[in-house]
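Architecture at a glance
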Amino acid sequence: DQQVKQNSPSLSVQEGRISILNCDYTNSMFDYFLWYKKYPAEGPTFLISISSIKDKNEDGRFTVFLNKSAKHLSLHIVPSQPGDSAVYFCAARSSIQGAQKLVFGQGTRLTINP
Amino acid sequence: KAGVTQTPRYLIKTRGQQVTLSCSPISGHRSVSWYQQTPGQGLQFLFEYFSETQRNKGNFPGRFSGRQFSNSRSEMNVSTLELGDSALYLCASSLVYGRSTDTQYFGPGTRLTVL
């Protein structure tokens, strides 16, 4: 039972363009969502998060959108840079079901082409 | 401020042995959680600790255990190692426990290889 899904295993984007990474979830109890970036053999690096009471959160080049009715969130990176090439994980948490327990998607490998 | 540190970074063990991994959270952080990353299963929650008490446990066998000390440092132990325990073990820390908007920050991980 995969509660968080990232249906695109990989994404290739031209440098300078927008990268859009998508994530779907099934558990309506999730109330906090995070995006992490990960390089091989390293720990995930926190990028941006959003609470379920919001529908958008921005931080520099990164914007996360949350559509609760569709149980869908997306991460926009504008403009995309070569250093953005990594695996991106969407994660969700329910403060009721397990305060710190993160449920992760399978990840999307983003490649930024020069 | 130093990040989450994990020791050792790499470990090679043989089947049947046991292993202990260590995690030091970010200074001031009191909540620690552990995750296992494998190519087949992705990132999976193992357990979380706050105030030296295990608050939640993932779906792993009893061979996986952990503890937290009064200084918030945490250890996890895997006994009777199996080949399938080969993975990257990640520790994450957060400021408190139970606050819905608290962010977890991850360490670099310990790469465990079981031969």
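In this report, we go over the structure that sits alongside the text. (Residues numbered from 1 in each chain as written. Chains lettered and ligands numbered in written order. Predicted model: local features only at pLDDT ≥ 70, side-chain atom pairs only at ≥ 80, totals over all residues. Heavy atoms only, no water.)

**Remarks on the side chain of A:Ser52**
Test applied: Counting from the N terminus, the helices are the DSSP runs of H or I reaching at least four residues and the strands are the DSSP runs of E reaching at least two. Contact between two residues is taken to exist if any of their heavy atoms lie within 4.5 Å; hydrogens are not considered.
Structurally, A:Ser52 is set in the loop between strand 5 (45-51) and strand 6 (56-59). The contacts of A:Ser52, once residues within four sequence positions are left out, are A:Phe30, A:Asp31, A:Phe33, A:Leu66 and A:Lys68.

**With respect to the packing of aromatic side chains**
Residue and element names in this part refer to chain A. Operational definition: Side-chain rings of Phe, Tyr and Trp, where Trp is taken by its six-membered ring, are said to pair if the distance between their centres is within 6.5 Å; with planes under 30 degrees apart they count as stacked, over 60 as edge-to-face, and otherwise as tilted. Partly exposed describes any residue whose relative accessible area lies between the buried limit of under 20% and the exposed limit of over 50%, with all areas from a 1.4 Å probe on protein chains only and scaled to the type maximum.
Under the defined criterion, the tally for this structure stands at 14 aromatic pairs over all chains. Considering the side-chain rings of phenylalanine 89 and phenylalanine 104, the 6.2 Å spacing of their centres and the 85° angle between planes classify their relative orientation as edge-to-face. Taken together, the residues phenylalanine 89 in strand 9 (residues 86-93) and phenylalanine 104 in strand 10 (residues 103-104) connect sequence positions 15 residues apart. Grouping residues by exposure puts phenylalanine 89 and phenylalanine 104 together as buried.

**Details of the pairing of strand 8 (residues 72-77) of chain A**
Residues and elements named next belong to chain A. The condition that has to hold: Two strands are counted as paired when DSSP detects at least two bridges linking them.
In terms of burial, strand 8 is a largely internal element, five of the six residues being buried. Here strand 3 (residues 19-25) pairs with strand 8 via six bridges, running antiparallel. The partner of leucine 21 across the bridge, within strand 8, is leucine 75. Examined bridge by bridge, strand 7 (residues 62-67) and strand 8 share six bridges and lie antiparallel to one another.

**Some words on the state of the cysteines**
Residue and element names in this part refer to chain B. The condition is simple: Cysteine sulfur atoms are paired as a disulfide whenever they come within 2.5 Å of each other.
A full pass over the atoms with the stated rule returns two disulfides over all chains. The partner cysteine of cysteine 23 in its disulfide is cysteine 91, sulfur to sulfur 1.8 Å. On the sign convention where negative means left-handed, the S-S torsion of about -60° between cysteine 23 and cysteine 91 marks this disulfide as left-handed. Of the two residues, cysteine 23 sits in strand 3 (residues 19-24) while cysteine 91 sits in strand 9 (residues 87-94), which places them 68 residues apart along the sequence. Residue class for cysteine 91 comes out buried when judged on its relative accessible area of 0%.

**Details of the sheet that holds strand 7 (residues 64-68) of chain B**
Strand pairing in a sheet is mediated by backbone hydrogen bonds. Such pairs are either parallel or antiparallel. Residues and elements named next belong to chain B. Short version of the rule: Angular values range over 0 to 180 degrees, each being the angle between N-to-C directions of two axes fitted as lines to C-alpha atoms, with helices fitted over their stretch in contact.
The sheet built from four strands is open, its strands ordered 1-3-8-7 with antiparallel pairing. Two strands bound the open sheet, and with one partner strand each, they are strand 1 (5-7) and strand 7. The sheet shows a mean angle of 20° between the axes of neighbouring strands, taken without regard to direction. Relative to strand 8 (residues 74-78), strand 7 runs antiparallel, the two sharing five bridges. When the bridges of strand 8 are listed, glycine 66 appears paired with methionine 76.

**A short note on the environment of A:Asn67**
Residue and element names in this part refer to chain A. Our working rule: Each polar contact in these results corresponds to two N or O atoms within 3.5 Å; when the atoms are within protein, one needs to be able to donate a hydrogen and the other to accept it, and residues that are neighboring in sequence are counted only if both atoms are side-chain atoms.
Mapping asparagine 67 onto the fold places it in strand 7. You can call asparagine 67 partly exposed: its relative accessible area is 35%. Residues contacting asparagine 67, with those up to four places away along its chain left out, are Tyr25 and His72. At 2.8 Å, the side chain of asparagine 67 and the side chain of serine 69 are in polar contact.

**Considerations on the sheet that holds strand 3 of chain A**
All names here are of chain A. Spatially, 1-3-8-7-6 is the arrangement adopted by the five strands of the open sheet, whose pairing is antiparallel. Pairing within the sheet leaves two strands with one partner each, and these edge strands are strand 1 (4-5) and strand 6. Taken together, the four bridges between strand 6 and strand 7 define a ladder with antiparallel strand orientation. Looking at the pairing, lysine 56 lines up with phenylalanine 65 of strand 7.

**Overview of the nonpolar core**
Soluble globular proteins tend to pack their nonpolar side chains together in the buried interior. Put simply, the rule reads: We define the nonpolar core as a collection of buried residues of types Ala, Val, Leu, Ile, Met, Phe, Trp, Tyr and Cys that are connected through side-chain atoms lying within 4.5 Å of one another.
Of all hydrophobic cores here, the largest spans 24 residues; its most connected members are A:Val4, A:Phe33, A:Trp35, A:Leu73, A:Leu75 and A:Tyr88. Only strand 3, strand 4 (32-38), strand 5, strand 7, strand 8, strand 9 and strand 11 (108-113) of chain A provide two or more residues apiece to this core. By residue number, the principal contributor to this core is strand 9 of chain A, which donates four residues. A:Leu75 has contacts with A:Ser19, A:Ile20, A:Leu21, A:Trp35, A:Leu47, A:Ile48, A:Phe62, A:Thr63 and A:Tyr88, leaving out every residue within four places of it along the chain. Of all hydrophobic cores here, the second largest spans 21 residues; its members include B:Val4, B:Ile26, B:Cys91 and B:Leu112.

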